[in-house]
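A structural walkthrough
The chain contents come next:
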Amino acid sequence: MLERIEQVAHFSVGRGCGFAAIGILTFFVGLSFDLALALKSAGVLGLIVCFVLLGKAQRARTQPYKRTEVWILLKPQERPRAEIAQQLIGTVLRETYFSFALHAAIFSALSLASSLAFHLLRAA
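The paragraphs below set out a description of the structure included in this document. (Residues numbered from 1 in each chain as written. Predicted model: local features only at pLDDT ≥ 70, side-chain atom pairs only at ≥ 80, totals over all residues. Heavy atoms only, no water.)

Before going further, it helps to spend a moment on the overall build of the protein. Assigned secondary structure in the protein consists of 4 helices and 0 strands. Computed over the C-alpha atoms, the radius of gyration of the protein is 18 Å, more than 25% above the 14 Å expected from 2.2 N^0.38 for a compact globule of 124 residues. Along the longest, intermediate and shortest principal axes, the C-alpha atoms of the protein span 65 × 20 × 20 Å. Within the protein, contacts between residues at least 6 apart in sequence are counted, and of these 75% link residues at least 24 apart. Distance from the positive charge centre (13 side chains) to the negative charge centre (7 side chains) of the protein: 7 Å. (Helix = DSSP H or I, 4+ residues; strand = E, 2+ residues; numbered from the N terminus. Rg over C-alpha atoms; globule rule 2.2 N^0.38 Å. Contact = heavy atoms within 4.5 Å. Lys, Arg positive; Asp, Glu negative; His and termini not counted. Charge placed at Lys NZ, Arg CZ, Asp CG, Glu CD.)

Have a look at this one:
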């Protein structure tokens, strides 16, 4: 049961992050005439995604489990008992949000470092 909840949580948060990535990629392509600016913008937008995920992780344990996408995506026979559902789903979502926030932070750091490198190469 726990593996299925983790799988559904990963799918749910991953899908949301995927849509954010599409938006960031679109913005990046729109600024592709200036690679340093495009990378800097992608890095800043990635940081925004990271902070949103950290905020959601902070609230995950107290968010009513019946209002989460994880609960909705689970089949009725896969759902945990009400006595443990809040703690179980909240904890799994919190860990998943933190995991995706780490990936967003790494992406942002790489984008911002690349932006700085391109900016310095252009100035030299």
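Moving on: the packing of helix 1 (residues 2–30) against helix 4 (residues 82–123). In the contact formed by helix 1 and helix 4, the axes pass within 9 Å of each other and the chain directions differ by 35 degrees. Once helix 1 is placed against helix 4, the crossing between them reads as right-handed. Contact with helix 1, carried on its side by L2, I5, E6, A9, H10, V13, G14, C17 and I24, involves L88, I89, V92, L93, T96, Y97, F100 and F107 of helix 4 and no other residues of that element. For the contact of helix 1 with helix 4, a count of residues per class yields 13 nonpolar, 3 polar and 1 charged. (Axes fitted to C-alpha atoms, helices over the stretch in contact; angles between N-to-C directions. Left-handed = near helix turned anticlockwise from the far one by under 90°. Nonpolar A, V, L, I, M, F, W, Y, C, P; charged D, E, K, R; others polar.)

With that settled, consider the packing of aromatic side chains. Considering all chains together, one arrives at 1 aromatic pair under this definition. Taking the centre distance of 4.8 Å and the plane angle of 75 degrees together, the rings of Y65 and W71 count as edge-to-face. Classification of W71 as buried rests on a relative accessible area of 11%. (Phe/Tyr/Trp six-rings, centres within 6.5 Å; stacked < 30°, edge-to-face > 60°. Buried < 20%, exposed > 50% of the residue type's maximum accessible area, 1.4 Å probe, protein only.)

What follows is about helix 2 (residues 35–59). Between its terminal C-alpha atoms helix 2 stretches 36 Å, which fits the 36 Å expected from 25 residues at 1.5 Å a residue. Within the sequence span of helix 2, burial applies to A36, A38, L39, S41, A42, G43, G46, V49, C50, L53 and A57. For helix 2, the secondary structure elements touched by its buried residues are helix 1 and helix 4. (Expected span 1.5 Å × (residues − 1).)

I5, V13, L53, V70, I89, L93 and Y97 are the most contacted members of the largest nonpolar core, which totals 24 residues. At the level of elements, helix 1, helix 2, helix 3 (69–73) and helix 4 are the ones that each hand at least two residues to this core. (Core = buried A, V, L, I, M, F, W, Y, C linked by side-chain atoms within 4.5 Å.)

Everything listed here is a matter of coordinates, which is why it stays silent on function.
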